[in-house]
Amino acid sequence: MRNNTVSNPYMTLPVRIAKVSFESEDRSLKTLELQFINESDRKQFQFLPGQFLEFSIPGKGESPFGIASNPSEEIIRITVNRTGFVTEAIHQLEVGDFAGIRGPFGNTYPLALMKQKRVSIISGGFAFTTLASLLDYLLEHEEFGITGYDLIYGARNPGMLLYKSKLDQWKGNPKIRSIITIDKEASGWTGTTGFVPTVVEQSDLQPNQAIAVICGPPIMIKLTLPKLVEKGFQTDQVYTSLERRMKCGIGKCGRCNIGPYYVCKDGPVFSLQQLEGLPAEY
Amino acid sequence: MMRFFKLTQQDWEKFLQHQSTQIAVVSMEKSKHPFKHILFPPHETLFYFRKDTHKELSEIKENKVLYYGLPPCDAKTIQLLGLNLLADPADPYFQTIRDNTVIISKACDHFEPNCFCDQIGGSPGALNGASAILYTVEDGFHLLVNHDWLSEQLVQMNFIPSEVENEKADFSKGSVPVREIKPLPIDHLREKGLSTISKTALWEKVSATCLACGICTFLCPACYCFDIQDISFGRVGKRERTYDSCLFSIYTTEASGHNPRPTIKERWRQRLLHKFTYYPMQYGEIGCTGCGRCISECPSHIDIREVIRDAEQYCE
Amino acid sequence: MNPIDHLNNQLRELARKAFQDNGIELLIGYQKGEDGITKPAIFYSFEQVDLLIWDQQASFNLASLVRRFRDKKIGMIAQGCVSRSLVVLLNEGQINRNNLFIIGFPCQGVVDRNQQLHSACIDCQHPLPVIQDCLIEGDGIARQSDPANDLVIELNNQSQSERMAFFSQEMKKCIRCYACRQACPMCYCDVCFVDINKPLWLARTPDQQNNSVWNLTRMQHLAGRCVACGACDRACPEGVNLMVYLKKMNQVVKELYGYSAGLHLGEKPALNAFQPNDPDFFWGKEGV
């Protein structure tokens, strides 16, 4: 008999819930900050923006979540939308509760390609998580020589925008041209109104020496990509993070297979060029 | 290192007898159930857990077993599943079973109505990742061994090996039936399968009578999709994996309700292209052994050979 | 000419007419596969009808294909049990009668893989279609079960523990591939109860316990709706004996409510209707 721990990629690393907050008034979006029980686990859990983890509650199951915290932070931050069996259980967790995580999984945003370039970030809804990690990371690493940032981020209503304090911070940063938009007029909202694809169309994003990263619900991506192409972005300049139902997270169970790729292993970050010619199963 | 042994019927029986005093020895033959059900069981406990202390415990039993008599198409499972399950990070459950399994397959002496291994580049006498393969000859058997431990066992019993000079040679000559049959156009699918993605007419035709029951995937030696589910009994429980099927409607359905493969057309496209286009792109081999179980057990008797030929028409 | 060939000629003639004169867009029937096995097929034109056949190997219930084409005008061939399945689907509002053109024909029974008459057919009382738009005349073969060879009677006479032992053995065979569900025309729920996880009714594990929950619940969901066509039993790759339980269930529904599914257009399934004098002994009164 063999008792496997670390060498078994299906077993989890124990974490403790260190902090809990709600992003939206309807409490459907819950942000958790996780602390590893074992410091050695945190040391081994080296990740870069774009990667995800599997969050496990024994007895309920696992769900994949993009990592929203900066790799240099001690805690791991994720934001969970309450939609299903497992996320319902995650929403019951309080500070001090235990859980398990596996990871980090997947590939990262193309950090090397971003050096000396302008980075345009486009996002919608709660897909913004890994992009928060990306922006924090890039701002921290000035040696990348990023020439400037665009941030176009939209949500259904102001309540559904993630990390509002961060958004305010970034608004004040002269290197970042940020447009935060909501779908329809709402009382008290003085910012932009309009769907993300329209805002992108009307913006002056330009492709010269730029890399665009876009994360959001499938419909938003579908409508926004043509706008970027119209502006002259080439397919190898635009990157997206795909979402799929996942189980193992390590390219074994077959669920997230699209063409020759496993979204959990070869992705979730793909360039538009890679997705050309593949079935649009996302 | 490959080795060659000549054995009489008595030698063979003596060998099996001796092995069975040391390890479990199981006789197999081609049946409806693929060998996959042993290598990669329909349900497997990944680990047990306690909810309060969050302790996890996995137990993977290491029992050495010798299986003999399998047809080459069953032996191929080990090779095909291994390509995916042993890729980094290796699946420790499959790895343990595989490392403790010795397979002596037996070359077939006839083709069944739905066999088509020889139409997809295989043969009823191929080694296919088995530890050894037995060829029946006039005065006994020829045993081709590609497994150090097994070679050693035979040598210790004073069976004399000959070295194999050319490992790619065809040792099955004369021992297996050969038939005049047109190969299936799998090269087209391998290279141009992606061009059929948008050909709705093809997928409509192929899936018109498919019930999406999943029998084909459950009995296929090359299918491996699984689901992971937690089962709890109060404070303790286990995390299990069970067979799943890309043909099931909820396979890709997300918590939001969105399903990237909403109808049976997209799911059949995934099944066919995964086997004959995507798997070769990822690992170099097609995900099919030509055993024909998917044809004989399908309630609608959908014939994958016909589907491959149809799909070829639509490749560009 | 042997009777089956004669029947097939008549079927083809009527099918061609259905394309030409009755405006069907597709025909659901059977054809011979490469290896000689009779399998379900969709015919999209007058010319393709040349391949249409029926014989005793036609083990698939064509009614399970009707819902996916319900926006079109469908032609189909149907004998007793298949036509009864259509009646149930019509009574449950799953398809529009105007969209169906039914070519009825008499049935001699269907055989299993061993060329033996299938257990659904050995006591079939309805070989002739109960609904059709045109009919091929002929004698269907109605059969009575042989009481000496009837597993339902045999199990009825056994003790509860003996019956449980038999049932457990059957449930051990099940691999939860859901072929039974997919083959049954009446299992058409968009989301089956096994695919729901809030609440989680049963685990996916194919062990005897969970398999029992699956099979019993599916059968209960079919009470008053099952026409005992045997498609589920024939589809099962593991040879689980589903027929004996479905037959028993249908007998109980007949005893309690005097009802058999799929015989009359326009009636409500037994368990969807309530009569004041419905039997209620099972509520536990009178020491039952």
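What counts and how
Residues numbered from 1 in each chain as written. Chains lettered and ligands numbered in written order. Predicted model: local features only at pLDDT ≥ 70, side-chain atom pairs only at ≥ 80, totals over all residues. Helix = DSSP H or I, 4+ residues; strand = E, 2+ residues; numbered from the N terminus. Rg over C-alpha atoms; globule rule 2.2 N^0.38 Å. Buried ≥ 20, exposed ≤ 12 C-beta atoms within 10 Å, placed from the backbone. Contact = placed C-beta atoms within 7 Å. Domains from an automatic or database assignment. Nonpolar A, V, L, I, M, F, W, Y, C, P; charged D, E, K, R; others polar. Axes fitted to C-alpha atoms, helices over the stretch in contact; angles between N-to-C directions. Parallel < 35°, antiparallel > 145°, perpendicular 65-115°, else oblique. Pairing = 2+ DSSP bridges. pLDDT = per-residue confidence, 0-100. Arc of directions from axis to C-beta. Expected span 1.5 Å × (residues − 1).

## With respect to the overall build of chain A
Argument step 1. Looking only at helices and strands, one finds eight helices and 16 strands in chain A.
Argument step 2. For chain A, whose C-alpha radius of gyration is 19 Å, the value lies close to the compact-globule estimate of 19 Å for 282 residues.
Argument step 3. Reported as C-alpha extents along the three principal axes, the dimensions of chain A are approximately 60 × 45 × 35 Å.
Argument step 4. When each of the 282 residues of chain A is scored for burial, the buried share is 49%.
Argument step 5. Long-range pairs, those at least 24 residues apart, make up 71% of the contacts in chain A with a sequence separation of at least 6.

## With respect to the overall build of chain C
Argument step 1. Counting its secondary structure elements, chain C contains eight helices and five strands.
Argument step 2. The secondary structure elements of chain C, listed N-terminal to C-terminal, are α-β-β-β-α-β-β-α-α-α-α-α-α.
Argument step 3. Here the C-alpha radius of gyration of chain C, 20 Å, is about what a compact globule of 288 residues would show, namely 19 Å.
Argument step 4. The dimensions of chain C, computed from C-alpha atoms along their principal axes, are 65 × 40 × 40 Å.
Argument step 5. Within the span of chain C, comprising 288 residues, buried residues form 38% of the whole.
Argument step 6. Partitioning the intrachain contacts of chain C with sequence separation of at least 6 by distance along the chain shows that 68% fall at a separation of at least 24.

## Comments concerning the domain arrangement of chain A
All names here are of chain A.
Argument step 1. As far as domains go, chain A holds domain 1 (13–105) and domain 2 (111–241).
Argument step 2. With 18 residues of domain 1 in contact, the opposing surface of domain 2 contributes 14 residues.
Argument step 3. When residues of the side of domain 1 that touches domain 2 are assigned to their parent elements, the largest contribution, three residues, is made by strand β6 (residues 76–81).
Argument step 4. Its residues placed into classes, the side of domain 1 that touches domain 2 shows seven nonpolar, eight polar and three charged.

## Focus: the packing of helix α4 (residues 160–173) of chain C against helix α6 (residues 208–221) of chain C
Residue and element names in this part refer to chain C.
Argument step 1. Their axes nearest at 8 Å, the elements α4 and α6 cross at an angle of 100 degrees. Relative to α6, the element α4 lies roughly perpendicular. Seen from α4, the contacting residues are S168, M171 and K172; seen from α6, they are Q208, N211, S212 and N215.
Argument step 2. Taken together, the residues of the contact of α4 with α6 sort by class into one nonpolar, five polar and one charged.

## Details of the sheet that holds strand β5 (residues 134–135) of chain C
All names here are of chain C.
Argument step 1. The sheet built from five strands is open, its strands ordered β2-β1-β3-β4-β5 with mixed pairing. Across the chains shown, the open sheet's two edge strands, defined by having one partner strand only, are β2 (38–43) and β5.
Argument step 2. Pairing between strand β4 (residues 100–104) and β5: two bridges, direction parallel. Opposite I103, over in β5, you have C134 as the bridge partner.
Argument step 3. Running over the sheet, helix α2 (residues 80–91) touches β3 (74–78) and β4 and is turned about 155 degrees from β4.

## A short note on the domain arrangement of chain C
It is common to give the size of an interface as the accessible area that goes away when the parts come together.
All names here are of chain C.
Argument step 1. The domain architecture assigned to chain C consists of domain 1 (3–135) and domain 2 (147–282).
Argument step 2. Taken together, the contacts link 22 residues of domain 1 with 21 residues of domain 2.
Argument step 3. Grouping the amino acids of the side of domain 1 that touches domain 2 by side-chain chemistry returns eleven nonpolar, eight polar and three charged.

## Some words on the interface of chain B and chain A
Argument step 1. Taken together, the contacts link 46 residues of chain B with 38 residues of chain A.
Argument step 2. Elements with a contribution of two residues or more to the side of chain B that touches chain A: β3 (43–50), β4 (56–57), β5 (59–60), α3 (72–85), α4 (92–99), β11 (226–233) and α9 (264–283) of chain B.
Argument step 3. Split by residue class, the side of chain B that touches chain A holds 21 nonpolar, 13 polar and twelve charged.

## Describing the confidence of the model for chain C
Should pLDDT be low for a region, the predicted coordinates there are not to be read in detail.
Argument step 1. When pLDDT is averaged along chain C, the result is 92, and 99% of the positions lie at 70 or above.
Argument step 2. Interface confidence for the predicted complex, given as ipTM, is 0.89, next to a pTM of 0.90.

## Quick word on the sheet that holds strand β9 (residues 148–155) of chain A
Residues and elements named next belong to chain A.
Argument step 1. In spatial order, the strands read β11-β10-β9-β8-β12-β13-β16; together these seven strands make up an open sheet with mixed pairing. The sheet is open, and its two edges are formed by β11 (192–193) and β16 (269–271), each paired on a single side.
Argument step 2. Here three bridges tie strand β13 (residues 238–241) to β16, and the two strands are oriented antiparallel to one another. Paired with S241 across the strands is V269, a residue of β16.

## What to know about unusual backbone geometry
Argument step 1. The step from A:G103 to A:P104 runs through a cis peptide bond, and the omega angle for that step is -5 degrees.
Argument step 2. Considering the arrangement of structural elements, one finds A:P104 in strand β7 (residues 98–105).
Argument step 3. Residues B:D88 and B:P89 are joined by a peptide bond in cis, for which omega reads -5 degrees.
Argument step 4. Checked against the element boundaries, B:P89 lands in the loop between α3 and α4.
Argument step 5. Positive phi values are uncommon outside glycine, yet C:R176 reaches one of about 55 degrees.
Argument step 6. Among the secondary structure elements, C:R176 is positioned in the loop between α4 and α5 (179–183).
Argument step 7. Of note, C:A228 is a non-glycine position whose phi angle comes to about 55 degrees, a positive value.
Argument step 8. Relative to the helices and strands, C:A228 resides in the loop between α6 and α7 (231–235).

## Focus on helix α5 (residues 148–156) of chain B
All names here are of chain B.
Argument step 1. When α5 is considered as a whole, its buried residues turn out to be L150, S151 and L154. Considered in projection along α5, the buried side chains sweep an arc of 100 degrees and stay on one side of the axis. Facing away from the buried side of α5, by more than 90 degrees, are the exposed residues D148, W149, E152 and Q156.
Argument step 2. Those residues of α5 that are buried lie in contact with β1 (3–7), α1 (9–20), β7 (101–106), β8 (132–137), β9 (140–145) and β10 (161–163).
Argument step 3. N158 sits one or two residues past α5 and shows a positive phi near 65 degrees.

## Quick look at helix α4 (residues 129–140) of chain A
Residues and elements named next belong to chain A.
Argument step 1. The end-to-end C-alpha separation of α4 is 17 Å, in line with the 16 Å expected for twelve residues at 1.5 Å each.
Argument step 2. When you tally the buried positions in α4, you get ten out of twelve residues, the bulk of the element.
Argument step 3. The set of residues buried in α4 consists of T129, T130, L131, A132, S133, L134, L135, D136, Y137 and L138.

## Let's talk about the pairing of β6(A)
Residue and element names in this part refer to chain A.
Argument step 1. Taken across its six residues, β6 has six buried, putting it largely inside the fold.
Argument step 2. By the alternation rule, side chains of β6 split into I76, I78 and V80 and R77, T79 and N81, which are all buried.
Argument step 3. In the sheet, strand β3 (residues 29–36) pairs with β6 via six bridges, with the strands oriented antiparallel. Pairing of L29 across the sheet is with N81, part of β6.

## Things to note about the environment of A:G145
All names here are of chain A.
Argument step 1. Take G145: it is sitting in the loop between α4 and β9.
Argument step 2. For the pair G145 and K117, spaced 28 residues apart in the sequence, the C-alpha separation amounts to 7.3 Å.
Argument step 3. Discounting chain neighbours no more than four positions away, the residues touching G145 are K115 and Q116.

## Thoughts on the environment of B:A222
Residues and elements named next belong to chain B.
Argument step 1. Checked against the element boundaries, A222 lands in the loop between α8 (215–219) and β11.
Argument step 2. Residue class for A222 comes out buried when judged on the 25 C-beta atoms lying within 10 Å of it.
Argument step 3. Taking the C-alpha atoms as reference, A222 lies 13 Å from P280; in sequence the two are 58 residues apart.
Argument step 4. Setting aside residues up to four positions removed in sequence, A222 forms contacts with T77, L80, K275, G287, C288 and T289.

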